[in-house]
There are 2 protein chains.
Amino acid sequence: MQRKQHLFIPGPTPVPPAVRAAMVRPLIGHRSCEFASLQRSLVKKTKQVFQTENDLFIFTSSGTGALEAAVTNSLNPGDKVLALITGQFGQRFAAIARQCGAEVEALEFPWGKPVDVKKVTERLVQGPQPKAILLTHNETSTGVVNDVASIGALVKNTPVLLLVDAISSMGAMDIRTDDWGVDFMITGSQKAFMLPPGLAFLSVSAKGWAQIETVRPRSFYFNLEAWQQSGAQGFSPWTPNVSLLFGLEAALDQLLAEGLEQVWARHGRWARAVRAGLTAMGLKLVAEDEWASNTVTAAYVQNGRADELRATLERDFGLCLAGGKGELSDSVIRMGHMGYVDELEILGSLAVLELGLKRQGYPVHLGAGVAQAQKLIYQEG
Amino acid sequence: MQRKQHLFIPGPTPVPPAVRAAMVRPLIGHRSCEFASLQRSLVKKTKQVFQTENDLFIFTSSGTGALEAAVTNSLNPGDKVLALITGQFGQRFAAIARQCGAEVEALEFPWGKPVDVKKVTERLVQGPQPKAILLTHNETSTGVVNDVASIGALVKNTPVLLLVDAISSMGAMDIRTDDWGVDFMITGSQKAFMLPPGLAFLSVSAKGWAQIETVRPRSFYFNLEAWQQSGAQGFSPWTPNVSLLFGLEAALDQLLAEGLEQVWARHGRWARAVRAGLTAMGLKLVAEDEWASNTVTAAYVQNGRADELRATLERDFGLCLAGGKGELSDSVIRMGHMGYVDELEILGSLAVLELGLKRQGYPVHLGAGVAQAQKLIYQEG
């Protein structure tokens, strides 16, 4: 049969029918009153998800665009930046800062482990103050969550700016932009927001704005002063992806109707079920429970043929998993479990993963992983 | 979360994306050349599925409409009809014939069992010849398949007409309309054809046409002579559901691209996996393997609270199962497994069914049913 694509990658995630339906509405002009009213409403609702009172912008770009927007607007060439790196996406954030001319000091932690807050504290006490810290909230390459609150507490009452990539966690986890003192908070549309790729989101604190005023703009598209001026009128400075904004309205309404706390709790349940299932299959998880992500789980495939396994799963069962990045290349599978996915799909995906492992000669006991995931779901009701 | 609806009922079944996309194409006039070309192509392809060279009509109606079309065009009031009844849908077929004024002799078989061909043979040898036999190929209320080939062999070279309801099996099973001597073969769009409800299909043999000519038409909408006249021009006598016909084109193309034999084999594998899973959960199947349907499986829920279980499954997991009909009311669940469903969904549905049973206090061993279904799928590749 023509295979369904079951998206258990860490984005894009399945798009709910109401969101799909919204996206095919007839277009409206992006300088119309109706558009301004739509954008104002979207910004207000997205701020609830971000838990922020700061300014918030919706870019027509991928999340990487919003990362660049944060960096290029807040740093002058030669500015010192401390990049806290726990995996591939921490590396990318640092690379963007380098590209912008910043002097990047990388503080790296082993893949699979989170940022060690003690080491960051030591570094801040001992060395010269950086202009900014770059931090990945949810490191998608390892399924590790970093403690943004603690890093934020270190710099909140200092001139040091905090830039946080929450692309693969915002909407799925309790992220307190303002309480945690995040000056630039970034996410994208194709993860817990349940939309196709194409939109990115950035919030900017008052401390962030004070810095922006000292920076000579280098990007035209991502010039935040232009976005602020247009945003005050309810517009985007350049032509926005109107269809995705229609979809965003439906997606935010769905998230808020379920209740953000319920959404976060559900992602926690899904993650625990997946972790229990993978462990019972005999796979070793990359991240320990204490710092495990609620949206993506990486697991070692001990025979080292993870990419072959993924190809089998996609071809034979329509199950799409992500592969290992960088040093984990071909040795792990990464399973996204966020957004519009339910128990039936999660249990089904574990069941076909077992079939795929068995076909590869892996010593798996069919049903064992599913049973453990079922137990978790049953207990947590 | 806003629950997905996982349709494991015996229709409607999930609609593939290509079919959905086809259905939103701009409408065309139903007296246009383009329409005539479309309808001719659809009739030709549907005949492949029916394995027939007979005339074939596509009604804008439910399957029940096509059952009535077959009956009302082939029987005069007072005509004697032998209705072979193995469940709820056999009863409905008989009721339609009675409503049309036929004199219906019901030959009933226990629910869960198929038509006993010996008893039909005896009846035909001993009693007066009926004008027609009514037979349900796939009795959806019990998940039993009847032996159309053997009944067909009894009447093929006699004046007795054979009317067959294949609403819940056509497209999913090897049904040989012409070889088996079926004069009126009926199906609907919302089962193995992977379409929404709204279309029905009827093929008519030369023997059927000879009889139609002797019958005074009673239905205007379903007057087959009108359908034949219009059909010869590539049209429908009355306004057809053009959007569903666009969808039918995409659905038939998908079935034929997979290959009908592969589609039938796949339905056999799904059915065996579901039956193995339900049995391993401790549920008793209504139909024995020998005459089990490839598209729907009925299973007793021994505590007799099948409808409560279904409500739980729908509310808590978005899994939609059908309930018991008639004498099986509230004592069975019926699971459809046809059309656009895959391994991941079938295994996932069994997994959440286990959770629902356990919540109801049923002594289920979580994962046991899934494991047996996985084994079947693994073995059958």
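Even after reading the chapter, I still don't get the overall build of chain A, so can you show me in this structure?
Tallying secondary structure elements over chain A gives 13 helices and 15 strands in all. Computed over the C-alpha atoms, the radius of gyration of chain A is 21 Å, within 12% of the 21 Å expected from 2.2 N^0.38 for a compact globule of 381 residues. Projected onto the principal axes, the alpha-carbon positions of chain A cover approximately 60 × 55 × 35 Å. Looking at chain A as a whole, 56% of its 381 residues qualify as buried. Taking all contacts inside chain A whose residues are at least 6 apart in sequence as the whole, residues at least 24 apart take part in 72%.

Sorry, what's going on with the sheet that holds strand 15 (residues 332–336) of chain A here?
Pairing between sheet strands relies on hydrogen bonds along the backbone, with the strands arranged either parallel or antiparallel. Residue and element names in this part refer to chain A. In space, the 4 strands of this open sheet follow the order 11-12-15-14, with antiparallel pairing throughout. Of all strands in the sheet, those bounded by a partner on one side alone are strand 11 (284–285) and strand 14 (322–323). Where helix 10 (residues 260–280) meets the sheet, its contacts fall on strand 11, strand 12 (296–300) and strand 15, and the angle it forms with strand 12 comes to roughly 10 degrees. Where helix 11 (residues 306–317) meets the sheet, its contacts fall on strand 14 and strand 15, and the angle it forms with strand 15 comes to roughly 45 degrees.

Could you clarify how one ought to interpret the interface of chain B and chain A in this entry?
For interface size, the figure often reported is the accessible area lost on association. With 31 residues of chain B in contact, the opposing surface of chain A contributes 31 residues. Of all the secondary structure elements, the ones that give two or more residues to the side of chain B that touches chain A are helix 9 (242–258), helix 12 (343–359) and helix 13 (368–380) of chain B. Considering every element that reaches the side of chain B that touches chain A, the biggest residue donor is helix 12 of chain B, with 11 residues. Across the side of chain B that touches chain A, the residue classes break down as 14 nonpolar, 8 polar and 9 charged.

Even after reading the chapter, I still don't get the packing of helix 5 (residues 117–126) of chain B against helix 6 (residues 148–155) of chain B, so can you show me in this structure?
Two measures define how a pair of helices packs: the angle their axes make with one another and the distance between the axes. Residue and element names in this part refer to chain B. Look at helix 5 against helix 6: their axes get within 10 Å of each other, and the N-to-C directions meet at 15 degrees. Put simply, helix 5 runs roughly parallel to helix 6. Note on packing geometry: the crossing formed by helix 5 with helix 6 is right-handed. Between helix 5 and helix 6, the contacting residues are Val117, Val120, Thr121 and Leu124 on the first element and Ser150, Ile151 and Leu154 on the second. Each residue belonging to the contact of helix 5 with helix 6 can be placed in one class, and the counts come to 5 nonpolar, 2 polar and no charged.

Which parts of the structure should I look at to understand helix 6 of chain B?
For an α-helix the count is 3.6 residues per turn, leaving residues at separations of three or four pointing the same way. All names here are of chain B. Among the residues making up helix 6, those that are buried are Val148, Ile151, Gly152 and Val155. Buried positions in helix 6, seen along its axis, are confined to an arc of 100 degrees and lie on one side of it. The inward-facing, buried residues of helix 6 abut helix 5, strand 5 (132–136) and strand 8 (161–165).

How should I be thinking about the relation of the copies chain B and chain A in this particular structure?
The operation relating the two chain copies consists of a rotation about an axis and a shift along that axis. Placing chain B over chain A gives an RMSD of 0.0 Å and needs a rotation angle of 180 degrees, together with 0.0 Å of translation along the axis. Taken together, the rotation angle and the small translation identify this as a two-fold axis. Taking the C-alpha atom as reference, chain B places Gly348 of chain B closest to the rotation axis, 1.9 Å from it. Mapped onto chain A, 100% of the interface residues of chain B again fall at the interface, so both copies present the same surface.

Honestly, the pairing of strand 10 (residues 200–204) of chain B in this entry has me stumped. Any pointers?
Successive side chains on a regular strand alternate, one facing one side of the sheet and the next facing the other. Residue and element names in this part refer to chain B. Extensive coverage of strand 10 is indicated by the burial of 5 of its 5 residues. The side-chain alternation of strand 10 yields two buried faces, one formed by Ala200, Leu202 and Val204 and the other by Phe201 and Ser203. Here strand 9 (residues 184–188) pairs with strand 10 via 5 bridges, running antiparallel. Paired with Gly188 across the bridge in strand 10 is Ala200.

Hey, could you run me through helix 13 (residues 368–380) of chain A in this one?
The end-to-end C-alpha separation of helix 13 of chain A is 19 Å, in line with the 18 Å expected for 13 residues at 1.5 Å each. Buried residues of helix 13 of chain A: Gly369, Val370, Ala371, Gln372, Ala373, Gln374 and Ile377 of chain A, and no others. Looking at the buried positions of helix 13 of chain A, the neighbouring elements they touch are helix 10 and helix 12 (343–359) of chain A together with helix 12 and helix 13 of chain B. Looking one or two residues beyond helix 13 of chain A, the residue adopting positive phi is Gly381 of chain A, at roughly 45 degrees.

Which parts of the structure should I look at to understand the sheet that holds strand 8 of chain B?
All names here are of chain B. Taking strand neighbours across the sheet as the criterion, the 7 strands line up as 2-10-9-8-5-3-4 in an open arrangement whose pairing is mixed. This sheet does not close on itself; its edge strands, each paired only once, are strand 2 (55–59) and strand 4 (103–108). Across this sheet, the average inter-strand angle for adjacent strands is 20 degrees, counted without regard to direction. The pairing of strand 3 (residues 80–85) with strand 4 spans 6 bridges and is parallel. When the sheet's bridge partners are listed, Val81 is paired in strand 4 with Val104.

Help me understand the domain arrangement of chain A, please; the structure alone is not making it clear to me.
Residues and elements named next belong to chain A. By the assigned domains, chain A splits into domain 1 (6–12 + 259–380) and domain 2 (18–257). Taken together, the elements giving at least two residues each to the side of domain 1 that touches domain 2 come down to helix 10 and strand 12. At 4 residues, helix 10 tops the list of elements feeding residues into the side of domain 1 that touches domain 2. Per-class residue counts for the side of domain 1 that touches domain 2 are 14 nonpolar, 8 polar and 3 charged.

Would you mind showing me how to read unusual backbone geometry here?
Glycine aside, residues mostly have negative phi angles, and peptide bonds mostly take the trans form. For the bond running from Gly11 of chain A to Pro12 of chain A, omega is -5 degrees, close enough to zero to count as cis. Non-glycine residue Asp330 of chain A carries a positive phi angle of around 65 degrees. Inspection of the secondary structure assignment puts Asp330 of chain A in the loop between strand 14 and strand 15. Residue classification places Asp330 of chain A among the partly exposed positions, given that 14 C-beta atoms sit within 10 Å. A positive phi angle, near 65 degrees, is found at Met194 of chain B, a position not held by glycine.

How should I be thinking about the environment of Ala149 of chain A in this particular structure?
Following the sequence through the fold, Ala149 of chain A ends up in helix 6 (residues 148–155). Sequence separation between Ala149 of chain A and Leu42 of chain A is 107 residues, and the spatial gap between their C-alpha atoms is 26 Å.

Looking at this structure, how should I read the environment of Leu135 of chain B?
Residues and elements named next belong to chain B. One can find Leu135 in strand 5. Here Leu135 falls in the buried class, since 26 other C-beta atoms lie within 10 Å of it. On a C-alpha basis, the gap between Leu135 and Leu319 in space is 31 Å, while along the polypeptide they are 184 residues apart. Excluding anything up to four places from it in sequence, Leu135 contacts Leu84, Val115, Asn146, Val148, Ile151, Leu162 and Val164.

In this structure, what is going on with the confidence of the model for chain A? I would like to understand it.
Residues shown with low pLDDT carry predicted positions that ought not to be read at fine detail. Chain-level pLDDT for chain A is 97 on average; 100% of the residues reach the 70-or-more range. Among the prediction metrics, the complex's ipTM stands at 0.93, with pTM recorded as 0.95.

What exactly am I supposed to notice about the environment of His267 of chain A here?
Residue and element names in this part refer to chain A. Here His267 shows up in helix 10. With 70 residues separating them along the chain, His267 and His337 place their C-alpha atoms 7.5 Å apart. Those residues in contact with His267 that sit more than four places away from it in its chain are Ala172, Met173, Asn294, Thr295 and Met338.

Here is what the cut-offs are and how they apply
Residues numbered from 1 in each chain as written. Chains lettered and ligands numbered in written order. Predicted model: local features only at pLDDT ≥ 70, side-chain atom pairs only at ≥ 80, totals over all residues. Helix = DSSP H or I, 4+ residues; strand = E, 2+ residues; numbered from the N terminus. Rg over C-alpha atoms; globule rule 2.2 N^0.38 Å. Buried ≥ 20, exposed ≤ 12 C-beta atoms within 10 Å, placed from the backbone. Contact = placed C-beta atoms within 7 Å. Pairing = 2+ DSSP bridges. Axes fitted to C-alpha atoms, helices over the stretch in contact; angles between N-to-C directions. Nonpolar A, V, L, I, M, F, W, Y, C, P; charged D, E, K, R; others polar. Parallel < 35°, antiparallel > 145°, perpendicular 65-115°, else oblique. Left-handed = near helix turned anticlockwise from the far one by under 90°. Arc of directions from axis to C-beta. Least-squares fit on C-alpha atoms with pLDDT ≥ 70 in both. Expected span 1.5 Å × (residues − 1). Domains from an automatic or database assignment. pLDDT = per-residue confidence, 0-100.

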